[in-house]
Amino acid sequence: MVRGGVHKSTPLNAPGKQTASSSLELSAHARSILEQCGLSVMAAASVAVQRALGKRIVPPLVVILGATGTGKSKLAIELGRRLQGEIISADSMQVYKGLDIITNKVTPEEQAQCPHHMISFVDPLVSSYTVVDFRNRVLSLIEDLHHQEKLPVIVGGTNYYIESILWKVLLDTKQKSGTDIKRKLEIMGGPELHKRLKEVDPDMAAMLHPNDTRKIARSLQVYQETGIQHSRLLEEQQKQEGGDGLGGPLRFTDPCIFWLHSNMDALDKRLDERVDEMLSSGLIEELKDFHQRFNEKKIQENSQDYQHGIFQSIGFKEFHEYLTAGADVSQEEREELKMKSVEALKQATRRYARKQNKWVRNRFLKRPGTYVPPVYGLDVTDVSCWEQTVLHPALDILNCLRKGEQPPVEPIRVEGEGPRNKRSHHVCELCDKVIIGDMEWTAHLKSKNHQHHVRKRRNAEESTEHQQDVESNLASAPKYPKQIVKRLV
Ligand SMILES: [Zn+2]
């Protein structure tokens, strides 16, 4: 059982610990906002309770990461059953009622094996459920579980939902109207918002692309609600003890993180098979029913929006054409649309799996800083020996952590290529484009579009220089293309 264990001296989030903000002249208001996002009252209460009880749940939580289709739920249930755990889903689509198949919810049979939380409780027509709502509920849930000496097992899922639990990354401006303000702002469009942001928070504006409407609106909203620049608040958060270039400090000391990874070919095959399984367990009926109940009217009113709420689910928008095909569409065409949608779903699922792995690599394995939690890799490629290769190693690791011993396996760590600036501002004059981020800039320089402009410019210069050569009769004019390209980029 995971309980008792060593009583570690000072938890990271112990109350009274001074943050770096004391050295900065911040208003009391700003400090209170930082405290709200940094040191949650609940976390502090939880520490107090643990002290009073004289014991702690060790590790305080288990997090199971992994791309879709790697068997996270299965491991979570097996661990939960054996270790008095309860499972918390960290999936932004699973919080909604409906679309159970396409969003991969655990079945009622699986739920009966171990209690699950954060599944199917938000009305599908609600589009204002946010990661802040999620975080607040999960933090109090974790506190409850700790009271009951139960182990919280977090399964995810959605990147920023998991990050909001592990790190103090979110700014909580505590305004009920928050989403309204943001929506209203978004309507104005990126370029206009960008102009406004430039006036109130030029640092943040320089880090955001003028078309990144959502993020610009968010920064303006933060400014409107707090009177403090968003860039300033983020900087403060990163400066807190244990913070790094990606956000604030860890919320819980020594969480146990597993990453289920697989050979990609094997995973792709499994993902395709899973889509086929979804189809045979009634996916089409589920989508049709959901479409009729929640989407049809919106489409008639021309207010359909696949960008918010449950309508963003992978697999729903891919069936748009099929679901909205009119009565005049023949059975044959309808079948064809269905096949196309299924193919699109398979593609989107593979893309999503890659995105999830990339996130684990960038935000965990390559994370800069000194407070990086260890991530234990478990290879799920061969499911035929799952107990030996996945379950037992996971149990061994947890057992060691509980006893305060070093687990027999080393956590995975990938050395990053040095900190990259994700928010650097670049202007390509050749293409007349604004590009944010070093990686994006490198990609742009290699892009076909950019190369096309480089060639165009080079040809133009060649002909001018050729003209000049002829005119000045310089037979020994240098051959230049390479240098010119360099100068241009
Ligand atoms: Zn360019």
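Quick caveat, the model's predicted, so the values are computed rather than measured. (Residues numbered from 1 in each chain as written. Predicted model: local features only at pLDDT ≥ 70, side-chain atom pairs only at ≥ 80, totals over all residues.)

Undergrad: I'd like a rundown of helix α10 (residues 213-226), residues and numbers included.
TA: An α-helix turns once every 3.6 residues. As a result, residues three or four positions apart point the same way. Between the first and last C-alpha of α10 there are 20 Å, a value that for 14 residues agrees with the 20 Å anticipated at 1.5 Å per step. When you tally the buried positions in α10, you get ten out of 14 residues, the bulk of the element. Taken together, the buried positions of α10 are Thr213, Ile216, Ala217, Arg218, Ser219, Leu220, Gln221, Val222, Tyr223 and Thr226. Remark: Gly227 follows α10 within two positions and exhibits a positive phi of approximately 75 degrees. (Helix = DSSP H or I, 4+ residues; strand = E, 2+ residues; numbered from the N terminus. Expected span 1.5 Å × (residues − 1). Buried ≥ 20, exposed ≤ 12 C-beta atoms within 10 Å, placed from the backbone.)

Undergrad: Requested: an account of the UniProt feature "domain: U1-type" (unreviewed entry) in the chain, with residues and values cited.
TA: Using the residue numbers shown here, the UniProt feature "domain: U1-type" (unreviewed entry) corresponds to residues 423-457. Annotated as residues 423-457, this span is 54% helix and 23% strand, and its ends, taken at the C-alpha atoms, are 28 Å apart. (UniProt positions renumbered as here; feature names shortened; annotations may be inferred.)

Undergrad: Just give me the short version of the nonpolar core, but keep the residues and values in it.
TA: Soluble globular proteins tend to pack their nonpolar side chains together in the buried interior. One finds Val62, Val63, Ile64, Val153 and Ile154 to be the most contacted residues of the largest nonpolar core, which totals 62 residues. Taken domain by domain, the makeup of this core includes at least three residues from each of domain 1 (20-258 + 372-403) and domain 2 (264-352). With sequence-adjacent residues up to four places away left out, Ile154 is seen in contact with Leu61, Val62, Val63, Ile64, Ile88, Ala90, Ile162 and Ile165. (Core = buried A, V, L, I, M, F, W, Y, C linked by C-beta atoms within 7 Å. Domains from an automatic or database assignment. Contact = placed C-beta atoms within 7 Å.)

Undergrad: Give a detailed account of the sheet that holds strand β5 (residues 256-261), specifying residues and quantitative values.
TA: Here six strands make up an open sheet; going across it, the order is β3-β2-β4-β1-β5-β6 and the pairing parallel. Two strands in the sheet have a free side with no partner beyond their single neighbour: β3 (116-117) and β6 (375-379). Sheet topology note: the strand β1 (residues 62-66)/β5 ladder contains five bridges and is parallel. Residue pairing across strands places Val62 opposite Cys256, the latter belonging to β5. Lying over the sheet, helix α6 (residues 159-166) contacts β1, β2 (85-90) and β4 (151-156), oriented at roughly 150 degrees with respect to β4. Running over the sheet, helix α16 (residues 386-403) touches β5 and β6 and is turned about 160 degrees from β6. (Pairing = 2+ DSSP bridges. Axes fitted to C-alpha atoms, helices over the stretch in contact; angles between N-to-C directions.)

Undergrad: So what's going on with the environment of Lys433? Which residues, and what values?
TA: Examined against the element boundaries, Lys433 turns out to sit in strand β8 (residues 433-436). Take Lys433: there are 14 C-beta atoms within 10 Å of it, and that puts it in the partly exposed class. Along the primary structure Lys433 and His444 are separated by eleven residues, whereas in three dimensions their C-alpha atoms are 9.8 Å apart.

Undergrad: Can you break down helix α8 (residues 190-200) residue by residue, with the values?
TA: When we look at burial in α8, the residues that qualify are Leu193, His194 and Leu197. Each buried residue of α8 sits inside an arc of 105 degrees when the element is viewed along its axis, so together they form one side. Residues of α8 that are exposed and point more than 90 degrees away from the buried face comprise Pro191 and Glu199. (Arc of directions from axis to C-beta.)

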